[in-house]
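# Per-entry structural report
As a plain string of letters, each chain reads:
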Amino acid sequence: MDTLKSRRDFLKTLGAAGVAFSVPVWWNQCSSGKKPPNIVLIFTDDQGYGDAGVYGAKKFTTPYLDRLADEGMYFTQFYASQAVCSASRASLLTGCYAERVSILGALMPWSEIGLNHEETTIAEMLKKRGYSTAIFGKWHLGHHKEFLPVYHGFDEYFGLPYSNDMWPVDYDGHPVKKGHKKNYPPLPLIEGVKVVDHINTLDDQATLTTQYAKKAVHFIKKNQHNPFFLYLAHSMPHVPLGVSDKFKGKSEQGMYGDVIEEIDWSVGRVLKTLDQYGLSDNTLVIYTSDNGPWLNYGNHAGSTGGLREGKGTAFEGGPRVPAIMRWPGHIPSGSVCRKMVSTIDILPTLAAVTGSPLPDKPIDGVNILPLLKGDEKAEPRDTFLYYYCGELRAVRQGRWKRVFKHRSRSYVGVKPGRDGHPGPYAFLKVQPALYDLQSDPGETTDVAAQHPEIVKTLDALAEKARQSLGDRLQKRTGKDVRPPGRRSFNRKKKIKNVAAGGTITLVNPASPQYPGKGPKTLINEQLGSRDFHDHQWLGFEGTDLEAVIDLGSVKTVNKVSSSFLRNQLSWIFLPEWVEVSVSTEGSIYTKMKKVTLSQKQEPDTIVKSVGIEVEKNVRYIKVHARNRGQCPDWHSGAGGKAWLFCDEILVE
Ligand SMILES: [Ca+2]
Ligand SMILES: [Ca+2]
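Residues numbered from 1 in each chain as written. Chains lettered and ligands numbered in written order. Predicted model: local features only at pLDDT ≥ 70, side-chain atom pairs only at ≥ 80, totals over all residues.

### Observations concerning the overall build of the protein chain
The secondary structure content of the protein chain amounts to 12 helices and 27 strands. Since a compact globule built from 652 residues should have a radius of gyration of about 26 Å, the 27 Å found for the protein chain is in line with a globular shape. Once the C-alpha set of the protein chain is aligned to its principal axes, its extents read approximately 85 × 55 × 55 Å. Buried residues in the protein chain amount to 47% of all 652 residues. (Helix = DSSP H or I, 4+ residues; strand = E, 2+ residues; numbered from the N terminus. Rg over C-alpha atoms; globule rule 2.2 N^0.38 Å. Buried ≥ 20, exposed ≤ 12 C-beta atoms within 10 Å, placed from the backbone.)

Quick look at the structure:
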């Protein structure tokens, strides 16, 4: 069954005609003076499927989440697009699998990418419809200025640019003295595009939930007379946990329970404010989490409510999350949705709810409005792809989940940590399997042998997905994958290289991890970005770059300039030295000047062009760049192989 295609066709139809011609019924009501519905999207970090009263939470209570469910609908088969922060958030805001928009894993404070400006976020979609938009909380789709929320459709931003554990502070709350965490810069709190404060201590962490809640309340009040989109993306309950005094020690569970109770309180503040200004009836409130619990943190992690494994895996405990939605008069109160739904469906659903056109580029989400309205027969989503960091680890269709062979983090058989300290992961060699999630939600029994036809159908579904979105497990790239936003160096876009028409051979091949587009990448008149994964760079792991360029005929060459990347946090160093030699017939070479480069510790990412004068008529050019071999003593990778990266050898 051609699910991906049919889904896209469905969306295309919706984009082209559905929204334009068939305006939802309520919209006509709106045009008689009522403003379009406000959207409040509350997104927590690492809250497990079992971590709300209505989902069976024990030892802490969530009266406001339970009220939200009482007055609306909660979902039992709701999936974050994948069980890790940045990927999950990219999906939520774009309606796409993270692989489609190339935001994988969790971006780090030294990441050089962000969400591409070519993508359309929910905020951009709703801004076009006249909404005021704000995000309070965690962004994690690029921390560099040009990728911040205010450049992705949000009028206002206050919060952390990435996870609250990306800071130079140890698990005990003291500044780190050694190791990798020393590389983290102080954790900035940003307003708009300005750093207004830093989160330096566990006490600072304890202020976050209340700070975000206050901003949210203020924003609702300020926008009571116009439609608004409020994205409240709590940093909690991601470790290190922080809870304000008013909730400290309140729950029976301990710190994690206290944190959830404070988040619940913040939901209460939002609901109360909506009531206060008479906005509740005209506001769709959505509450969900970015992924399941980080179980190796023991009593500082949540619960999957019995689902297998947790965050960072493709077992159900990873992506399946609690989800509650309330929209009085539209969503039947006290209802439960047991159909499959994902965070990627939120954007197209909000498009339908607000009468907004869908983004121009293809997306993966589907409109679940019929489910919200309680249509028992509706089944807008019948498949789900369990991607994790580019690996297609499983697919689901209906009740069946097909798991593919992969290596996975596991929390089984290892002792979890306590009180903010992590325990170790176990690693699991996962074998192919078929699970019946209806009868076996805990994924305990492989029934592939009993259902060969279903295995075949799901394998075909996976194959379609691989063609479209790729699969790192099979080293496949997808034809529909779009690039992330990449930061560039301030270099000329178009360059002219005398060597472009010639040939190039390498004495040592580039690493299979970073082959660029072959050796020719070095003379293709195209330059790399700050993101060394952009296929414009050749990477050499511990080995030298030795290239021989044949210009095809004897030409006048004035200068040979090779450009190298320095990104020491990623173990990429400038060469020790660069040497150029030239020849007219290819056997006797004349050495030109040899340039030696500084090997100092430098935190910033730069590109260094090493120009060597030639001023001769030559046909062959040899460039030899010496890899420093090993990471130096001061580096966190001391003794490990150093990388050398080059994107162009410019012959002028
Ligand atoms: Ca998370
Ligand atoms: Ca190039």
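### Brief notes about the domain arrangement of the protein chain
With domains assigned, the protein chain is organised as domain 1 (1-38), domain 2 (87-126 + 165-194 + 383-484) and domain 3 (487-651). Across the side of domain 2 that touches domain 3, the residue classes break down as 2 nonpolar, 3 polar and 1 charged. (Domains from an automatic or database assignment. Nonpolar A, V, L, I, M, F, W, Y, C, P; charged D, E, K, R; others polar.)

### Comments concerning unusual backbone geometry
With the exception of glycine, the majority of residues adopt a negative phi angle, and the majority of peptide bonds are in the trans configuration. Residue proline 237 is reached from methionine 236 by a cis peptide bond, and omega for that bond is 0°. Within the secondary structure, proline 237 sits in the loop between strand S9 (228-233) and helix H9 (255-276). Here the phi dihedral of cysteine 389 falls at roughly 50°; this positive angle occurs in a residue that is not glycine. Structurally, cysteine 389 is set in the loop between strand S14 (383-388) and strand S15 (391-397).

### Points about the sheet that holds S14
Strands sit in the order S14-S15-S16-S19 across an open sheet of 4 strands; the sheet is antiparallel. At either end of the open sheet lies a strand with only one pairing partner, and these are S14 and strand S19 (433-436). Across the sheet, the axes of successive neighbouring strands diverge by a mean angle of 20°, strand direction being ignored. Sheet contacts for helix H12 (residues 452-469): S14, S15, strand S16 (400-403) and S19; angle to S15, the most-contacted strand, approximately 130°. (Pairing = 2+ DSSP bridges. Axes fitted to C-alpha atoms, helices over the stretch in contact; angles between N-to-C directions. Contact = placed C-beta atoms within 7 Å.)

### Digging into the packing of helix H3 (residues 63-71) against H9
Where H3 meets H9, the closest approach of the two axes is 7 Å, and the angle between their N-to-C directions is 50°. As judged from the angle between their axes, H3 and H9 are oblique. Facing H3, whose interface residues are Pro63, Tyr64, Leu65 and Leu68, H9 presents Asp264, Val267, Gly268 and Leu271. Taken together, the residues of the contact of H3 with H9 sort by class into 6 nonpolar, 1 polar and 1 charged. (Parallel < 35°, antiparallel > 145°, perpendicular 65-115°, else oblique.)

### Details of H3
Along H3, the positions that sit buried rather than exposed are Tyr64, Leu65, Leu68 and Ala69. Angularly, the buried residues of H3 cover 145° about the axis, an arc narrow enough to put them on a single face. In the core, the buried residues of H3 are packed alongside strand S2 (73-75), H9, strand S10 (283-289) and strand S11 (323-326). (Arc of directions from axis to C-beta.)

### Focus: the sheet that holds strand S8 (residues 194-199)
Note: strands within a sheet are paired through backbone hydrogen bonds, in either parallel or antiparallel orientation. Ordered in space as S8-S7-S6-S5-S9-S1-S10-S11-S2-S12, the 10 strands form an open sheet in which the pairing is mixed. Each of the sheet's edge strands pairs with one partner strand only, and the pair in question is S8 and strand S12 (335-337). Going from strand to strand, the sheet's axes swing by 15° on average, the running direction of each strand aside. Pairing analysis gives 3 bridges linking S2 to S11, with the strands arranged antiparallel. Bridged to phenylalanine 75 within S11 is alanine 323. Taken strand by strand, H3 contacts S2, S10 and S11, and its axis lies near 60° from that of S11.

### Describing the pairing of strand S23 (residues 545-566)
Of the pairings in the sheet, the one linking strand S21 (residues 503-506) to S23 comprises 4 bridges and is antiparallel in character. Looking at the pairing, leucine 506 lines up with alanine 547 of S23. Two elements, S23 and strand S26 (residues 606-625), share 17 bridges in a ladder whose sense is antiparallel. Within S26, the residue paired with arginine 566 across the bridge is isoleucine 606.

### Here we look at the nonpolar core
Formed by 129 residues in total, the largest nonpolar core has its most connected members in Ala216, Phe229, Leu230, Leu232, Tyr287 and Met325. At 8 residues, the largest contribution of residues to this core is made by H9. (Core = buried A, V, L, I, M, F, W, Y, C linked by C-beta atoms within 7 Å.)

### Focus on the environment of phenylalanine 540
Residue placement: phenylalanine 540 occurs in strand S22 (residues 538-541). Under the C-beta neighbour-count criterion, phenylalanine 540 is labelled buried, with 24 such atoms within 10 Å. Here the alpha-carbon distance between phenylalanine 540 and glycine 485, two residues 55 residues apart in the chain, equals 25 Å. Beyond its immediate stretch of four places on either side in the chain, phenylalanine 540 contacts Asn508, Ala510, Ser511, Leu545, Asn627, Trp643 and Leu644.

### Notes on the environment of arginine 396
Considering the arrangement of structural elements, one finds arginine 396 in strand S15. In this structure the C-alpha to C-alpha distance between arginine 396 and leucine 241, which are 155 residues apart in sequence, comes to 33 Å. Those residues within four positions of arginine 396 in sequence are excluded, and the remaining contacts are Thr383, Phe384 and Lys401.

### A short note on the packing of helix H8 (residues 208-222) against H9
Their axes nearest at 10 Å, the elements H8 and H9 cross at an angle of 10°. Viewed along their axes, H8 and H9 adopt a mutual orientation that is roughly parallel. Facing H8, whose interface residues are Thr209, Tyr212, Ala213, Ala216, Val217, Ile220 and Lys221, H9 presents Glu262, Ile263, Ser266, Arg269, Val270, Thr273 and Leu274. The residue inventory of the contact of H8 with H9, partitioned by class, reads 8 nonpolar, 3 polar and 3 charged.

### Focus: helix H10 (residues 346-354)
Of all the 9 residues making up H10, 9 are buried; the element is thus mostly covered by neighbouring parts of the structure. By the burial criterion, the buried members of H10 are Ile346, Leu347, Pro348, Thr349, Leu350, Ala351, Ala352, Val353 and Thr354.

### Observations regarding the pairing of strand S27 (residues 643-651)
For S27, the buried fraction is high: 9 of the 9 residues fall into the buried class. Of the pairings in the sheet, the one linking S22 to S27 comprises 4 bridges and is antiparallel in character. Looking at the pairing, phenylalanine 540 lines up with leucine 644 of S27. With 5 bridges connecting them, S23 and S27 associate as antiparallel partners. Looking across to S27, one finds that serine 561 is bridged to leucine 650.

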